[in-house]
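Letter by letter, the chains look like this.
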Amino acid sequence: MTPTESEPKPRWPQVLVFSLIGVVVLLGFVLVWRLTSQPAAAGESRVDALANSTDRCVTCHRQASPGIVAQYGHSSMAAAGVSCSDCHKVEANYPGAVQHEGVWVLPSPSTAVCQRCHQAEVAQYNQSRHGIPAWVAVVGSKDLPPDILAAYQAIPEGQFAPDKSRNILAEMEGEDITRFACETCHSIGKPYADQSIGQCSSCHLRHEFSLEQARKPETCNACHIGPDHPQWEIYQESKHGIAYMTGGHRWNWEAEPGTLTVKDFPAATCAVCHMSGFGGTSTTHDVGERLSWYLFAPVSERRPSWQDNVVRMQSVCQECHNDNFIKTFYADADKATTAVNDFVLQSQAIMKDLRAKGLVASEPFSEPIQFEEYELWHHWGRTAKFGVWMQGPDYTQWHGAYEIVKALAHIRTLAEEKLNAAGK
Ligand code: HEC
Ligand code: HEC
Ligand code: HEC
Ligand code: HEC
Ligand code: HEC
Ligand code: HEC
Ligand code: HEC
Ligand code: HEC
């Protein structure tokens, strides 16, 4: 027997198992370390301003609704000392107040509540189509209380409402449905019980009130989507949207309002073009303030103070593009808008002739040619125009202009059939 033979052989299977366990444990540690040391998302990086609060609402709601307290604690409003009661507590006789733990609260704080501290934003909002015009678009103006009606009539850009047939569409569908449809989007301008207007929480999801969330284009896509106003889809295929989707996670979403530059936002978002203070243009909650056309109309017309509006929008563009590029783009887009108008005018002329001859049903939305007429401008005409102005070539072309041409051919055929049948 040689000494070497008596030595126990290394037991490879056990060694392997032990080193594998070692590696797994080590990987586990690495994983836990990685997870706990992830950079905190915006907002989470803020301290919880309510952590040591002795406020009665806070201490009880930490049990009753911990999510709300945690969210609000990390907001900049909580850091600035705004309390639950500042938004929720009201006098007993306040419209909509409910009794709660010995005080009176609003379950749903109204715009009048925000207005106490944010007068400028509310005043701008009230001048915009996000205000009462958005609500009138669905329910009409005939049942508005006198004060609200007067406010509505005083909005310069508010009353352009060329076609009331959509109110009839809402009636046809019935309130059981429209509550979840038209109203969900158009409640952005719905009056509260205290008659103040608008829903700030359409964009400022409570209780975070985070700038990042309000500024991201997904916030707008809650409503600006679908065949009649596909701004979100168009944005996604635009260069601006591509820049957002490929690099947006590096942008400075919490930058101080009014001071935004191309360093914070290398490309445009919905908010940058329509709301943010950017370059020479100041922050606004009047989303019509930078628009020159009524693009949503069947035949687009200029807005009351469109030249000033163009200056405001173009000074946003000019932070990132040269003047000549933008002026040329506007001239071309104006021409495309007029070209879409011409198609809609052709369709209107055919329908006008048929109506004069008594060949179209008097009730809207009751025969195929009326749906064709409606979709031509309401879906395809708008889509083509939005595609032009926000750089979505597929929407301008295949979801827009092509559908217009096709619908116009169909309207012509249906009109001829009607004329033949009537012996004309
Ligand atoms: C002793 C505990 C307690 C205190 C104190 C308290 N709440 Fe509440 N609150 C609750 C509970 C529990 C609910 C949920 C009731 C339910 O789900 O039906 C609630 C509901 C609410 C609601 C929703 C009411 C509704 O009708 O939808 C609001 C708003 C509210 N609380 C705000 C406040 C404010 C503001 C304060 C401080 C002035 C406060 N609460 C103090 C326990 C409390
Ligand atoms: C800046 C104003 C503001 C502050 C401050 C605020 N809330 Fe609210 N709260 C709102 C708004 C707006 C709503 C939503 C109303 C709606 O959806 O129509 C709401 C809704 C609620 C509701 C009912 C809705 C639900 O989801 O259950 C509760 C409960 C509530 N808040 C509790 C609190 C508590 C507790 C605090 C303090 C930690 C607080 N709120 C601070 C504005 C505020
Ligand atoms: C009692 C006064 C008060 C009320 C009421 C109030 N706010 Fe504020 N809000 C503030 C203050 C103060 C700030 C500034 C915080 C800062 O800049 O650090 C602020 C900031 C904000 C911001 C910017 C957040 C940020 O991160 O810069 C939003 C959005 C906002 N409020 C929305 C609302 C809405 C919506 C309502 C009504 C539901 C409301 N506020 C009601 C006082 C108030
Ligand atoms: C997905 C959200 C959404 C739904 C659902 C919706 N709308 Fe709209 N509506 C909008 C948006 C966004 C615009 C603005 C389009 C623009 O300015 O380009 C608009 C524009 C309008 C307009 C034109 C503007 C005006 O004031 O004249 C009318 C009228 C209208 N909608 C009525 C309705 C009716 C009626 C329904 C239900 C049958 C409805 N909408 C359903 C989001 C919606
Ligand atoms: C259509 C979406 C939308 C609605 C609705 C909306 N906001 Fe805003 N809000 C924004 C955006 C986006 C910003 C950030 C603007 C920027 O980029 O600087 C903002 C910023 C703010 C700020 C911070 C502004 C500053 O200069 O510090 C306040 C305060 C505010 N909103 C209050 C309100 C109030 C009050 C209402 C309701 C009357 C309201 N918002 C409704 C989108 C909205
Ligand atoms: C809750 C639904 C909703 C959300 C969220 C929303 N909008 Fe709107 N928006 C509407 C409706 C409805 C209209 C049409 C109102 C009308 O003309 O009657 C509208 C109209 C507009 C208009 C045209 C205004 C005019 O004068 O014709 C612009 C621009 C606009 N929105 C931008 C935005 C931006 C940017 C955001 C995101 C920061 C946003 N909206 C978020 C519902 C919404
Ligand atoms: C690069 C800037 C830019 C971006 C990004 C942008 N828009 Fe626009 N938007 C415009 C311009 C320019 C117009 C047409 C202006 C005019 O009428 O002069 C317009 C028109 C609109 C209108 C039509 C209003 C009407 O008259 O019917 C709505 C609604 C709108 N935008 C919403 C949005 C939404 C929602 C987003 C994001 C999904 C968005 N926009 C992204 C620049 C932009
Ligand atoms: C914050 C910066 C920024 C703002 C503001 C901005 N853009 Fe842009 N824009 C860009 C970037 C980045 C590109 C992509 C450039 C490229 O293709 O390399 C772009 C591309 C474009 C294109 C070319 C699209 C294509 O398909 O090639 C047009 C047209 C355009 N922008 C128009 C506008 C208009 C009109 C405005 C104002 C209403 C505007 N932009 C505002 C950054 C911006």
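Residues numbered from 1 in each chain as written. Chains lettered and ligands numbered in written order. Predicted model: local features only at pLDDT ≥ 70, side-chain atom pairs only at ≥ 80, totals over all residues. Heavy atoms only, no water.

### Some points on the confidence of the model for the protein chain
Link 1 in the chain: Averaged over all residues, the pLDDT of the protein chain equals 91, while 89% of them reach at least 70.
Link 2 in the chain: In the predicted structure, residues 1–8 sits below a pLDDT of 50 and forms zero contacts with residues beyond four places in sequence or in another chain. (pLDDT = per-residue confidence, 0-100. Contact = heavy atoms within 4.5 Å.)

### Observations regarding helix 9 (residues 132–139)
Link 1 in the chain: Along helix 9, six of the eight residues are buried, which leaves the element largely enclosed by surrounding structure.
Link 2 in the chain: Looking at helix 9, one finds that the buried residues are Ile-132, Pro-133, Ala-134, Trp-135, Val-136 and Val-138.
Link 3 in the chain: Residues of helix 9 that are buried make contact with helix 10 (146–153), helix 11 (165–173) and helix 13 (182–186).
Link 4 in the chain: Gly-140 sits one or two residues past helix 9 and shows a positive phi near 80°. (Buried < 20%, exposed > 50% of the residue type's maximum accessible area, 1.4 Å probe, protein only. Helix = DSSP H or I, 4+ residues; strand = E, 2+ residues; numbered from the N terminus.)

### Looking at the sheet that holds strand 1 (residues 89–90)
Link 1 in the chain: Taken in spatial order, the three strands line up as 1-3-2 in an open sheet, and their pairing is antiparallel. Edge positions in the sheet fall to strand 1 and strand 2 (98–100), since each has one partner strand and no second.
Link 2 in the chain: In terms of strand pairing, strand 2 meets strand 3 (residues 103–105) through three bridges, oriented antiparallel. When the sheet's bridge partners are listed, His-100 is paired in strand 3 with Val-103. (Pairing = 2+ DSSP bridges.)

### What to know about the site of ligand 3
Link 1 in the chain: Neighbouring residues of ligand 3: 15 residues in total, closest Ser-76, Met-77, Cys-114, Cys-117 and His-118.
Link 2 in the chain: A distance of 2.9 Å is found between an oxygen atom of ligand 3 and a side-chain nitrogen or oxygen belonging to Ser-76.
Link 3 in the chain: When residues of the shell around ligand 3 are traced back to their parent elements, those giving at least two are helix 5 (76–79), helix 6 (84–88) and helix 7 (111–115).
Link 4 in the chain: Of the residues that constitute the shell around ligand 3, the class distribution is ten nonpolar, three polar and two charged.
Link 5 in the chain: In this structure, the shell around ligand 3 is formed jointly by two domains, domain 1 (43–89) and domain 2 (92–98 + 115–202), each of which donates at least three residues. (Near = heavy atom within 4 Å. Polar contact = N/O pair within 3.5 Å; in protein donor to acceptor, adjacent residues only side chain to side chain. Nonpolar A, V, L, I, M, F, W, Y, C, P; charged D, E, K, R; others polar. Domains from an automatic or database assignment.)

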